[in-house]
Amino acid sequence: MMLLRQTVSRLVTTLITLFGVAVIVFVVIRVVPGNPIAMMLPPGASEADIERLKTLYGLDKSIFEQFIIWFSNVLHGDFGTSISTRQPVLSLVLDRLPATLELSIMALVMAVAIGGTLAVLGTRFRGRKTEAGIDVANGIGLSIPDFLWGLALILLFGVLWPVFQISGRVSPRLELPFTSQFYLFESLLRLRFDIMADLLSHMFMPALALALPLAAIISQLLKLSLKETVNLDYSVLARTKGYSETKVILSEALPNSILPTLTLVGVQFTFLIGGTVIIERLFSYEGLGNMAIDAVINRDLPLIQGIVILFAILFTFVNLAVDMTYAFLNPKLRHA
Amino acid sequence: MSGFLEIRGLSARLAGTGQRLLRSVDISLPAGCVRGLVGESGAGKSMIGKAVLGVLPKAVEIIEGEILLDGQDLQKVSPAERRRLIGAKAALIPQDPLTALNPSRRIGPQITDRLVDILGWTKARATTRALEVLAEVSIPEPERIMRLYPHELSGGMRQRILIASAFAAEPKLIVADEPTTALDVTVQKQILKLISELQARHGTALLFVTHDLGVVSKVCDTLSVLYAGKVVEDTTVERFFAAPQHGYSSALLAATPRHTDPSSSLKPVPHEVLETVAAEIAASDAAWRPNGGARG
Ligand SMILES: Nc1ncnc2c1ncn2[C@@H]1O[C@H](COP(=O)(O)OP(=O)(O)OP(=O)(O)O)[C@@H](O)[C@H]1O
Ligand SMILES: [Mg+2]
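Structure report, in brief. (Residues numbered from 1 in each chain as written. Chains lettered and ligands numbered in written order. Predicted model: local features only at pLDDT ≥ 70, side-chain atom pairs only at ≥ 80, totals over all residues. Heavy atoms only, no water.)

## As for the site of ligand 1
All names here are of chain B. Heads up, the rule is: Put simply, a residue is near a molecule or strand once any heavy atom of it comes within 4 Å of that molecule or strand. Accessibility throughout is a Shrake-Rupley quantity obtained with a 1.4 Å probe, and a residue counts as covered only by protein chains that appear here. Only DSSP runs of H or I with at least four residues qualify as helices, and only runs of E with at least two residues qualify as strands; both kinds are numbered from the N terminus onward. Think of it as three bins: nonpolar holds Ala, Val, Leu, Ile, Met, Phe, Trp, Tyr, Cys and Pro, charged holds Asp, Glu, Lys and Arg, and polar takes everything else, Gly as well.
As a matter of local geometry, ligand 1 sits amid L14, L21, E40, S41, G42, A43, G44, K45, S46, M47, P57 and E178. About the coverage of ligand 1: the protein hides 65% of its 640 Å² of free accessible area. Considering each element in turn, the shell around ligand 1 owes the most residues, 3 residues, to helix 1 (residues 45-53). In terms of residue class, the shell around ligand 1 is made up of 5 nonpolar, 4 polar and 3 charged.

Pasting the structure below:
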């Protein structure tokens, strides 16, 4: 009962949020200078040509009218037509979404693996040089933004020691047998490890650049929580049973420390997804973020709107997933 | 005479400040006997229990002395071997049942984990044993309880479970650190009785940390009175209650309300007594040299 009411109220807030995002984006991109029509026509086009195109894309009406038209179309699943590519926004956006999802999830996995390992090591060797070293690494990870990490990685793994691909999502020479845009996932399912290796080689640097700041946050928060938990009574009791320090950290402390860390990681993960915009551009990775920048440059209003709404939906889903994981991991909520 | 647990000349201090926490502590506990550790807050009672179980805080270092468990010096074996020895031969009944069970693990595994992981039993045997000890501490429906999480149980139930868990591996020594102070007064007596019964039935040596002399008179055979990390009196329970030898012991006894004399009220330990003990400790500290002969 309680759960149902929570779900409903959550759904309502989500819809209101999405509506708000739609309104704001719609207004902002029409108020800022820049004319999509001017971008489409050759220099010296006549006033009549401009007016004709404006009418075609509905840009001659007031912002309010434009919004009503756009919104009622959206409710019917029609996000309009991209001005620059003349293709339906929805299919453009959905085509690129898998690339960004795979990149973000890979970055999240890397961040959790790196941050988690550092947190456990730092706790295991607390008060020693290892922990001090990890604290320094966390500080560096936190103070350098993802795009600078991207540049540093390009220098390191692209120029000085060129072992990874710098640009794109997959090598153009490869024949792709895929039916979906989830290349990495599908290559795994089809056991095409040659393609998978190529995809990973492309994904490694952008994913790592996105992962490092989050890894530092996870490492710092989780270590803080672990160091508290390893001194709690049940951890001490486990030691008297004969368990090693490492075992105490992993099986007594970690399950209890993940929970407080999780909520913050969820918020940070949405920032990570936001970071894909610049990182994808930097590595010419063909995802949503890269398309978003093109759309802004071309003043492709319907496409910008579509992308922003999709990002907003994505963020909402991430938050929902975090809350559900939280409830699932917490025995007290599970039985409430 | 050599007990199952022998602590000889154990001194410990805080690593940072060098503050002495234990001063040449000697404690002997034969198999199957119960020794009380009494003294006021901060005297070092828990510290001794932690030293025996190998869980001293990182900030505390042992300067000298030996802790022999079943004849083996815990200071002389590798850390891994020490953990295994302690896990196999000793167990802890903790003070606060609300914090001593891991909230994210089910009850069952928290009882069987030592049996399986440390003692190498099969899962089936460990589960049978867990059900057995849970029945022994009067837990109803042990199969169901084993599947629950700690927050689904009352404090008294949890302490019973912790007691069962401590006895599950048939340890020869149990350290109980104020096992009833965190509980409701109504269940304190039952839990005390339960520990006492199990101890007698299993012939376990019990190191019982408490500041309640009334509890000592019911549960213990011998006791060590601690002040500022020093054993000021080591005696049997009969002798202690009949005629305490040390001034501090007498004062402690006088400070405890007697059940026989309801009119007596709680009195603080007199100032002169404390000054005398402090002077004694200062004198023995002055005469003490690390690894030297002189011991207070
Ligand atoms: N983790 C720690 N780090 C540093 N000092 C500590 C730590 N734990 C305890 N001490 C100090 O060690 C001394 C002995 O503490 P201990 O816990 O053994 O006292 P106690 O006799 O058990 O008292 P209580 O009846 O309050 O439990 C105290 O002076 C205390 O301040
Ligand atoms: Mg104590």
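After presenting the structure, the write-up continues.
## A look at the sheet that holds strand 1 (residues 5-14) of chain B
Within a sheet, adjacent strands bond to each other through the backbone by hydrogen bonds, running parallel or antiparallel. Applied cut-off: Strands are labelled as partners when DSSP assigns at least two bridges between them.
Pairing is antiparallel in the open sheet, where 4 strands are placed in the order 2-1-4-5 (chain B). Looking at the sheet topology across the chains shown, the edges are occupied by strand 2 (20-29) and strand 5 (72-73) of chain B.

## Comments concerning the sheet that holds strand 7 (residues 173-177) of chain B
Residue and element names in this part refer to chain B. As a reminder of what qualifies: All axes here are fitted lines through C-alpha atoms, helices being fitted over the stretch that makes contact, and every angle between N-to-C directions spans 0 to 180 degrees.
Spatial ordering of the open sheet is given by 6-7-8-3-9-10, a layout of 6 strands whose pairing is mixed. Of all the strands in the sheet, the pair left with one neighbour each is strand 6 (90-93) and strand 10 (230-236). On average, adjacent strands in this sheet sit at an angle of 15° to one another, irrespective of strand direction. Pairing of strand 9 (residues 222-227) with strand 10, which is carried by 6 bridges, proceeds in the antiparallel orientation. Looking at the pairing, Y227 lines up with K230 of strand 10.

## A closer look at the packing of aromatic side chains
Residues and elements named next belong to chain A. This is how it is decided: Two rings belonging to Phe, Tyr or Trp (six-membered ring only in the last case) form a pair when the distance between their centres is within 6.5 Å. Interplanar angles under 30 degrees mark stacking, angles over 60 mark edge-to-face geometry, and anything in between is tilted. Here's how the labels work: a residue is buried when its accessible area is under 20% of the maximum for its type, exposed when over 50%, partly exposed in between, all with a 1.4 Å probe on protein chains only. Counted as over-ring charges are cases with an Arg CZ or a Lys NZ within 6 Å of the ring centre that also lie within 35 degrees of the ring normal.
Taken as a whole, this structure holds 14 aromatic pairs over all chains when the rule is applied. Their ring planes at 85° and their centres at 5.0 Å tell us that F19 and F71 sit as a pair that is edge-to-face. With a gap of 52 residues between them, F19 in helix 1 (residues 2-31) and F71 in helix 4 (residues 63-75) connect regions that are remote in the sequence. Here the aromatic rings of F157 and F204 are separated by 5.8 Å at their centres, their planes lie at 80°, and the arrangement is edge-to-face. Of this pair, F157 sits in helix 7 (residues 146-160) while F204 sits in helix 9 (residues 193-229); the two residues are 47 residues apart in sequence, bridging distant segments of the chain. Of the residues examined, F204 reaches a relative accessible area of 22% and is grouped as partly exposed. An aromatic cluster of at least three residues, connected via ring pairs, comprises F19, F26, F67, W70 and F71. Here the guanidinium or amino end of R30 rests over the ring plane of F26, the centre of that ring lying 3.6 Å away.

## Here's the deal with a negative patch on the surface
For clarity, the cut-off: Candidate patch residues must exceed 30% relative accessible area and have no salt bridge, after which like charges are joined if within 9 Å and Val, Leu, Ile, Met, Phe, Trp or Tyr side chains if within 5 Å. Salt-bridge detection follows one rule: a side-chain nitrogen of Lys or Arg within 4 Å of a carboxyl oxygen of Asp or Glu. Counted as positive: Lys and Arg. Counted as negative: Asp and Glu. His and the chain ends are not counted at all. Charge positions are represented by NZ for Lys, CZ for Arg, CG for Asp and CD for Glu.
A cluster of acidic residues, A:E47, A:E51, A:D60 and A:E65, forms a negative patch on the protein surface. Inspection of the secondary structure puts A:D60 in the loop between helix 3 (47-56) and helix 4.

## A look at helix 12 (residues 288-297) of chain A
Residue and element names in this part refer to chain A. Our working rule: Whether two residues are in contact is decided by their heavy atoms: any pair within 4.5 Å suffices.
For helix 12, every residue scored as buried is listed here: L288, G289, N290, M291, A292 and A295. Tucked inside the fold, the buried residues of helix 12 contact helix 5 (89-124), helix 11 (245-282) and helix 13 (301-329). At the C-terminal side of helix 12, R299 shows a positive phi close to 50°.

## Digging into the nonpolar core
Residues and elements named next belong to chain B. Filter applied, for reference: Buried Ala, Val, Leu, Ile, Met, Phe, Trp, Tyr and Cys residues form a nonpolar core when they are joined through side-chain atoms within 4.5 Å.
Formed by 94 residues in total, the largest nonpolar core has its most connected members in L5, I7, I48, I163, L173, F208 and Y248. If you tally residues by element for this core, the top one is helix 6 (residues 155-168), at 8 residues. Beyond its immediate sequence surroundings of up to four residues, F208 is in contact with V34, R35, G36, L37, A176, P179, L192, V215, V219 and C220.

## Quick look at the side chain of B:N102
Rules: We define a polar contact as two N or O atoms separated by no more than 3.5 Å, with the added condition that, inside protein, one atom must be a possible hydrogen donor and the other a possible acceptor, whereas residues neighbouring each other in sequence contribute only through side-chain atom pairs.
Among the structural elements, B:N102 can be located in the loop between strand 6 and helix 3 (107-118). Of note is the side chain of B:N102, whose polar atom sits 2.9 Å from the side chain of A:E252. Among the polar contacts listed, one links the side chain of B:N102 to the side chain of A:N256, at a separation of 2.6 Å. Here B:N102 is in contact with A:Y234, A:S251, A:E252, A:N256, B:Q110 and B:P150, once residues within four sequence places are set aside.

## Overview of the interface of chain B and chain A
In this complex, chain B contributes 28 residues to the contact, which on the side of chain A involves 20 residues. Seen at the junction of chain B and chain A, the total is 3 salt bridges. A salt bridge links A:K241 to B:D113; the nearest nitrogen and oxygen atoms lie 3.2 Å apart. Across the contact surface, chain B and chain A share 10 residue pairs in polar contact (both at pLDDT 80 or more). At the level of secondary structure, the elements contributing two or more residues to the side of chain B that touches chain A comprise helix 2 (79-89), strand 6, helix 3 and helix 6 of chain B. For the side of chain B that touches chain A, the element with the highest residue contribution is helix 3 of chain B, accounting for 5 residues.

So far we have only geometry, and geometry alone does not tell us how the molecule works.
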